[in-house]
Amino acid sequence: MPEDETPAIRIHLDRLLAARGMTLTELSAQVGITVVNLSVLKNGRAKAIRFSTLSRICEALRCQPGDLITHDPAEPP
């Protein structure tokens, strides 16, 4: 994907954290991923995510991958 192309993948980590009353620091401690890396994911700057990471996040937030990640090519950033 060219660098100037906006990805159509949206990450809803902030919404899930708010709904569960959890901070990024608390999630970091539960899943064993640095706050910095979770912040990159939360802010939509991640280029990829491992399935093992996705699984740990979903376990900690008691959600499905589709709750965390959506695809919407028509939605502007």
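Each remark here, short or long, concerns the structure printed above.
Now for a quick tour of the structure. In this text the structure is predicted, and so the values were computed from the model without any measurement.

1. Observations regarding the overall build of the protein
Move 1: Within the protein, the secondary structure is distributed over five helices and two strands.
Move 2: Listing each helix as α and each strand as β along the protein from the N terminus yields β-α-α-α-α-α-β.
Move 3: Counting the 77 residues in the protein, one finds 30% classified as buried.
Move 4: For the protein, the proportion of contacts with a sequence separation of at least 24, taken over those separated by at least 6, is 60%.

2. Describing the environment of Ala74
Move 1: Residue position: Ala74 is located in the segment after β2 (69–71).
Move 2: The class of Ala74 is exposed, set by a relative accessible area of 72%.
Move 3: Taking the C-alpha atoms as reference points, Ala74 and Ala8, separated by 66 residues in sequence, lie 7.6 Å from one another.

3. Some remarks on the packing of helix α2 (residues 24–31) against helix α4 (residues 51–61)
Move 1: Interhelical geometry of α2 versus α4 gives an angle of 120° and a closest axis separation of 10 Å. Judged by the sense of rotation from one axis to the other, the crossing of α2 with α4 is right-handed. Facing α2, whose interface residues are Leu27, Gln30 and Val31, α4 presents Arg56, Ile57, Ala60 and Leu61.
Move 2: In terms of residue class, the contact of α2 with α4 is built from five nonpolar, one polar and one charged.

4. Points about the nonpolar core
Move 1: Counting residues in each nonpolar core, the largest one holds 18 residues, and the members touching the most others are Leu13, Leu27, Leu38, Ile57 and Leu61.
Move 2: When residues of this core are assigned to their parent elements, the largest contribution, five residues, is made by α4.
Move 3: Apart from residues lying up to four places away in sequence, Leu27 is in contact with Leu13, Leu17, Met22, Leu38, Ala60 and Leu61.

Cut-offs applied
Residues numbered from 1 in each chain as written. Predicted model: local features only at pLDDT ≥ 70, side-chain atom pairs only at ≥ 80, totals over all residues. Heavy atoms only, no water. Helix = DSSP H or I, 4+ residues; strand = E, 2+ residues; numbered from the N terminus. Buried < 20%, exposed > 50% of the residue type's maximum accessible area, 1.4 Å probe, protein only. Contact = heavy atoms within 4.5 Å. Axes fitted to C-alpha atoms, helices over the stretch in contact; angles between N-to-C directions. Left-handed = near helix turned anticlockwise from the far one by under 90°. Nonpolar A, V, L, I, M, F, W, Y, C, P; charged D, E, K, R; others polar. Core = buried A, V, L, I, M, F, W, Y, C linked by side-chain atoms within 4.5 Å.

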